[in-house]
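# Overview (structure and organization)
Here are the chains, one letter per residue:
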Amino acid sequence: MPKHYRPAGKKKEGNAAKYVTRTQAVKYLQISLPVFRKLCILKGVFPRVPKKKVKGNHHSYYHMKDIMFLKHEPLLEKLRDIRTYDKKIKKAVSKKNRDLAERLLTRKPSYTLDMLVRERYPKFIDALRDLDDCLSMVHLFAALPAVDRAVDGEKIPVERVHNCRRLSHEWLAYISRTHKLRKTFISVKGIYYQAEVEGQIVTWLTPHALQQVLPEVDYRVLLTFLEFYETLLAFVNYKLYRSINVNYPPILDPRLEALAADYLADLYALSRYFDANGKSKQIENQQEGTNLDESEVRLAQLHQHLPSNEPGALMHLLDDGSNKDDEDLETRECKSLFKNVKFFLSREVPRESLLFVIPAFGGTVSWEGEGAPFDESDDSITHQVVDRPIQGRKFLSREYVQPQWVYDCVNARILLPTDKYMVGCIPPPHLSPFVDNEAEGHVPDYAEAIERMKAAGRKQVLPLPGTGIEDLDDPQGLLVSDRQEAIEAAKRKQQISMLEKQYLDELKLELKGAPPFSQDIDAVGGDDAISDVQQIADDVSNMSKVVMPRKKRKLLEAMEMSKERKRSSVNRLKERKKNIDQAKNLA
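Because the structure is a prediction, the values reported are computed rather than measured.

We now examine the overall build of the chain. A count of helices and strands for the chain gives 24 helices and 11 strands. Within the chain, the fraction of its 587 residues that count as buried is 34%. Taking the intrachain contacts of the chain between residues at least 6 apart in sequence as the baseline, contacts between residues at least 24 apart amount to 62%. Within the structure as shown, the chain displays about 36,900 Å² of accessible surface, and the carbon and sulfur contribution to it stands at 53%.

Here you go:
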């Protein structure tokens, strides 16, 4: 018998022992496919790609260590108990034993995901790094309608929607309160935000405040992800609120909480809770002799410290929660962007987003509707945000701007001129702060104009187009643009390249034994010489590709294709700009 012979059906080794298919994993754990999918999502177990797919390319493979990890999970036993309990309830309903069914429903077992969150994120910084998808999912379901259609199998409970809305409001209130927002951009998909929390960059997407149409997707998978994300975001909010000495969860003023169906009232109530929470300990000492419970005491504190129409209460926490010494330079800059600027929002603008963005950069804001801190007739309003072609009644003491002006000022970190954002005007292009124009190879004109304004605000002199920072040391060179010097430098460079080519040709002739010859440089045509030099460069690059391994050669070709695609995109943008300028000149 050969030494390495192993009979069929005996112990396996290699990839066959390390990886199993999804069907094998479900059979090994003795659970159904939906339960296995839910357990993998909650535990963070995903399919692997082995080097050799033993069962074929059409299977999903899982590592055996991950399957053993799921086998010993206490949540698996809890899910089995819930399934057994559901069978008891179904049996009682089928036997028309209503009392037993109701009694069983009241004692149905449940589970929490607290230990899973602590297991997957041992440190708080780990949770912040993985918060992008969490925030996008929570904000998405906060804007979706509650659905319960048994025919299609779609069910989005209303409690989940309300919980997502509450968590999203608490997160936005913290970001706006601590001035952690850095970038924002309005796109077709929604509104992108980027904040810096504990040194970590967090980017999320919120949908537009429009009627949402539910697509044909498997909502059970999305709700499983949402179940874990809700617990994660609750942990993160608790940690962040406690870091600024604010109790969590917040208890709001019932006068504003009654309006919580409106996003504005809910977020405004959170901001006022922030304001009053710093002084809560003094009120607790005065209420010691009463028989009120803790929630009633905190509500009494809020009633005493929160007047019903206090102007400037929105996100006004400069003296209570945070320490100014701990703030970095960027936070101070963001806090003072809209300082001493008072906004009023008309009813047609995206008020939910503006109510979050404006206080995050130090501004004071009100809106048209119930619960607003001040009215439209207030004389201290400096800017009114409108989004209509014609504004009927106007106050001469304020500026009327479009909503894009606020977002462009946030991204530029300066107060831009309002001439291009007036009512009825076509605003300038809304530039994305997430795009590096220098790396892309195309800098829009409006981006250059903004850089000029920022440099003027810093009293900094920028170089002229085509020059560098080092040219500023020679002011005489900036006064006169000597094109003759550039032409002479190009001629010298061409002559040097032709001399190098002539020297290489003479060396080749010497190696062959032929007598060297001297050729006048001027006798050679300039275009022919340049084409020959280009041909030599192409030959050298092709030779280097030939000697490369195939893997590196394919990688180099992919990089060249990417550069060529980017170059063609830049040329297309320049051509469009040229056509637009020609059309304007003709008009």
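Looking now at the state of the cysteines. In this structure the tally under the stated criterion is zero disulfides. Cys164 forms no disulfide, and the closest cysteine sulfur to it belongs to Cys134, at a distance of 9.2 Å.

Let's shift gears to the sheet that holds strand E7 (residues 200–206). Sheet architecture is open: three strands sit in the order E5-E6-E7, paired in antiparallel fashion. For this open sheet the edge positions go to strand E5 (181–186) and E7, each flanked by a neighbour on one side alone. Across the sheet, the mean angle from the axis of one strand to that of its neighbour is 15°, orientation sign disregarded. Where E5 meets strand E6 (residues 191–197), five bridges bridge the pair, whose relative direction is antiparallel. When the sheet's bridge partners are listed, Ile186 is paired in E6 with Ile191. Here helix H10 (residues 158–178) sits on the sheet and contacts E5, E6 and E7; the angle it forms with E6, its principal contact strand, is near 60°. Packed on one face of the sheet, helix H18 (residues 403–412) meets E5 and E6 and runs near 135° to E5.

Calculation criteria
Every chain's residues receive numbers from 1 upward, in the order its sequence appears when written. Given that the model is predicted, a residue must reach a pLDDT of at least 70 before its local features are reported, and side-chain atom pairs must reach 80 or more before they are shown or counted; all residues, however, enter totals for whole chains, interfaces and linings. Side-chain figures throughout are based on the complete set of non-hydrogen atoms in the structure, without hydrogens or water. Helix and strand assignments follow DSSP, with helices taken as H or I runs no shorter than four residues and strands as E runs no shorter than two, numbered in order from the N terminus. When a residue's accessible area, from a 1.4 Å probe over protein chains only, is under 20% of the maximum for its type it is buried; when over 50% it is exposed; and in between it is partly exposed. Contacts between residues were defined by any pair of non-hydrogen atoms, one from each residue, lying within 4.5 Å. With residues, only the protein chains shown are counted as cover, and all accessible areas are computed by Shrake-Rupley using a 1.4 Å probe. A pair of cysteine sulfur atoms is labelled a disulfide when the two atoms are within 2.5 Å. We call two strands paired when DSSP finds no fewer than two bridges between them. For every element, the axis is a line fit to its C-alpha atoms; helices are fit only across the contacting stretch, and the angle between N-to-C directions ranges from 0 to 180 degrees.

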